[in-house]
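Working through the structure, step by step
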Amino acid sequence: DTGVSQDPRHKITKRGQNVTFRCDPISEHNRLYWYRQTLGQGPEFLTYFQNEAQLEKSRLLSDRFSAERPKGSFSTLEIQRTEQGDSAMYLCASVLPSRSDYGYTFGSGTRLTVV
Amino acid sequence: AQSVTQLGSHVSVSEGALVLLRCNYSSSVPPYLFWYVQYPNQGLQLLLKYTSAATLVKGINGFEAEFKKSETSFHLTKPSAHMSDAAEYFCAVTPSGGSYIPTFGRGTSLIVHP
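Residues numbered from 1 in each chain as written. Chains lettered and ligands numbered in written order. Predicted model: local features only at pLDDT ≥ 70, side-chain atom pairs only at ≥ 80, totals over all residues. Heavy atoms only, no water.

Moving on to the confidence of the model for chain A. Of the residues in chain A, 94% have a pLDDT of 70 or more, and the chain-wide mean is 92. Mean pLDDT across the elements of chain A bottoms out in strand β10 (residues 105–106) of chain A (92) and peaks in strand β3 (residues 19–24) of chain A (98). (pLDDT = per-residue confidence, 0-100. Helix = DSSP H or I, 4+ residues; strand = E, 2+ residues; numbered from the N terminus.)

On to the environment of Gly107 of chain A. Relative to the helices and strands, Gly107 of chain A is located in the loop between β10 and β11 (110–114). Each C-alpha atom of the pair Gly107 of chain A and Gly72 of chain A lies 17 Å from the other, and the pair is 35 residues apart in sequence. The contacts of Gly107 of chain A, once residues within four sequence positions are left out, are Val4, Gln6, Leu91 and Cys92 of chain A together with Gly43 and Leu44 of chain B. (Contact = heavy atoms within 4.5 Å.)

All names here are of chain B. Position of Asp85 relative to the elements: it lies in the loop between β8 (73–78) and β9 (87–95). A distance of 2.8 Å separates the side chain of Asp85 from the side chain of Lys78, its partner in a polar contact. Setting aside chain neighbours within four positions, we find Asp85 in contact with Phe63, Lys78, Ser80, Leu110 and Val112. (Polar contact = N/O pair within 3.5 Å; in protein donor to acceptor, adjacent residues only side chain to side chain.)

A few words on the sheet that holds β3 of chain A. Residues and elements named next belong to chain A. Spatially, four strands are ordered β1-β3-β8-β7 in an open sheet, and the strand pairing comes out antiparallel. Of all strands in the sheet, those bounded by a partner on one side alone are β1 (5–7) and β7 (65–68). Each strand of the sheet is rotated relative to its neighbour by a mean of 15 degrees, with strand direction disregarded. Note: β7 against strand β8 (residues 75–79), four bridges, orientation antiparallel. Of the residues in β8, the one forming a bridge with Glu68 is Thr76. (Pairing = 2+ DSSP bridges. Axes fitted to C-alpha atoms, helices over the stretch in contact; angles between N-to-C directions.)

The subject of this paragraph is the interface of chain A and chain B. Counting residues at the interface gives 24 residues for chain A and 21 residues for chain B. Counting across the interface, chain A meets chain B through zero salt bridges. Between the two partners, chain A and chain B, sit nine residue pairs in polar contact (both at pLDDT 80 or more). Here the side of chain A that touches chain B gets four residues from one element, more than from any other, and that element is strand β4 (residues 31–37) of chain A. Partitioned by chemical class, the residues of the side of chain A that touches chain B number eleven nonpolar, eight polar and five charged. (Salt bridge = Lys/Arg side-chain N within 4 Å of Asp/Glu carboxyl O. Nonpolar A, V, L, I, M, F, W, Y, C, P; charged D, E, K, R; others polar.)

A word on the state of the cysteines. Tallied over the entire structure, the rule returns two disulfides over all chains. Between the sulfur atoms of Cys23 of chain A and its disulfide partner Cys92 of chain A the distance amounts to 1.9 Å. Residues Cys23 of chain A and Cys92 of chain A share a disulfide whose torsion about the S-S bond is about -70 degrees; that sign makes it left-handed. In this pair, Cys23 of chain A sits in strand β3 while Cys92 of chain A sits in strand β9 (residues 88–95), placing the two residues 69 residues apart along the sequence. Judged by its relative accessible area of 0%, Cys92 of chain A is buried. Through a disulfide, Cys23 of chain B is tied to Cys91 of chain B; the S-S separation comes to 2.0 Å. On the sign convention where negative means left-handed, the S-S torsion of about -65 degrees between Cys23 of chain B and Cys91 of chain B marks this disulfide as left-handed. (Disulfide = S-S within 2.5 Å. Buried < 20%, exposed > 50% of the residue type's maximum accessible area, 1.4 Å probe, protein only.)

Given below as structure tokens:
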């Protein structure tokens, strides 16, 4: 169990550019969640996957956002035409609900700064 | 639908004093409840969780929380604060079935004075 990995840790981009983040969950976890956290706020749900299927998306996930989990393992979150309001910490978490502990494991996050 | 309210955006205690961070929840189905801690520029680390077993839950670093259904509360306590406990704490609720999507509170910043 190597934990949830997120890459990159930090990303600075110019407004209008596209960015992509990667999340590698714990290998046996079939559910993967993406959250966004802005300064002074709690994490806000964006979307989640069960295996490769994207089962739910928040209204926060505008058309400029897309997420994939092609083989049910790692996931990517892409933001197109970034805006300054996209500046936030993007967190990934994974869990295996069939286990009795339901312990969601979070990655260290990707901090995005749009300038 | 589910929601979490954390009372107090900042809590300040002296080192060695009792820590009490408040969390109230609402959920239309039996909930699972969690407390997470976040240090600056890091992700969230699970402190403890309630998943319908014992109502008094013990976690890491000496923290514990008690699930009180009648009060819809899940307050976090620690008998004696340490300087290293200074961090942001988040309470989260998830339904005990279906999507298991955690909903987080806005967080409470714990400040520990020497």
